[in-house]
Structure formats: C-alpha cells, structure tokens
Amino acid sequence: MDQNGRQVPPFAPEEYARVEAAAHLAGKSPEDFVRDAALKAAEDPFLKALGKTRDRVPQLAEVFATQDTHAADPNGAWPDPAPMGSRDLRESQQHGHAA
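In this text the structure is predicted, and so the values were computed from the model without any measurement.

Parameters at a glance
Residues numbered from 1 in each chain as written. Predicted model: local features only at pLDDT ≥ 70, side-chain atom pairs only at ≥ 80, totals over all residues. Heavy atoms only, no water. Salt bridge = Lys/Arg side-chain N within 4 Å of Asp/Glu carboxyl O. Buried < 20%, exposed > 50% of the residue type's maximum accessible area, 1.4 Å probe, protein only. Patch = residues over 30% accessible without salt bridge, like charges linked within 9 Å, V, L, I, M, F, W, Y side chains within 5 Å. Areas by Shrake-Rupley, 256 points an atom, 1.4 Å probe, with all protein chains shown as cover. Helix = DSSP H or I, 4+ residues; strand = E, 2+ residues; numbered from the N terminus.

(A) Highlighting the pattern of salt bridges. All chains considered together, the criterion is met by four salt bridges. When the shortest N-O distance is used, the salt bridge between Lys28 and Asp36 registers 2.7 Å. Residue class for Asp36 comes out partly exposed when judged on its relative accessible area of 24%. The residue Glu43 makes a salt bridge to Lys48 at a minimum N-O spacing of 3.1 Å. The exposure class of Glu43 is exposed, given its relative accessible area of 53%. For Lys48, a relative accessible area of 42% translates into the label partly exposed. Salt bridges here are not isolated pairs; linked through shared partners, they connect Lys28, Asp32, Arg35 and Asp36.

(B) Representation of a nonpolar patch on the surface. A surface patch of nonpolar side chains, about 310 Å² in accessible area, is lined by Phe46, Leu47 and Leu50. The residue Leu47 is located in helix α3 (residues 45-66) in this model. Judged by relative accessible area, which is 45%, Leu47 ranks as partly exposed.

The following block contains the structure:
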C-alpha cells in the first residue's frame, strides 16, 4: 500500500502521540485513522463550497455592482428596519422604553 508514498505525514512526537491515542480510541491504526480523517475532510461540503468561490466571487461582485440599491425609493430613503423580535422587545422594556 506504499503506491502513493508515505501515508502518514510527519508529526512532532507529541502530535503523533495524540494521533495514536485518537486512533486507538477509534479502533484503528494511526495510518488508517489519518487516511480516513483526510478523506472525510476532503468530502466536507463546506470545503467544497470554498473551492468554488474563486469562480463565484467575481460573478457575485458583478451582480451586486449592477444592482440599484435605491430601487425601492427614488428619493434614496432607507427602507423600514426589520420588525422587532421578542428579544428586542424585552430589551426595550427593560430599559423603560415602550415599543
């Protein structure tokens, strides 16, 4: 199984001791534990999405640059803020303000 070269990256002694302990708890060899962890990380949807941002960021920047930010009101007034949530209401009541 040495077809891909060294299977376990070089760890400092204290790091390797932690890997060995975690592998033992998982019932695996340190090599299998590291391989499985690396493969699982490679399949992470968040990491996959990050990999696609190089293509998407310029596209999104172009979309946002062409949007009219004052389309709702030609006078440029900001829209009404979002309605108050229960937490906002509680905080305003604690400070003696009526909602």
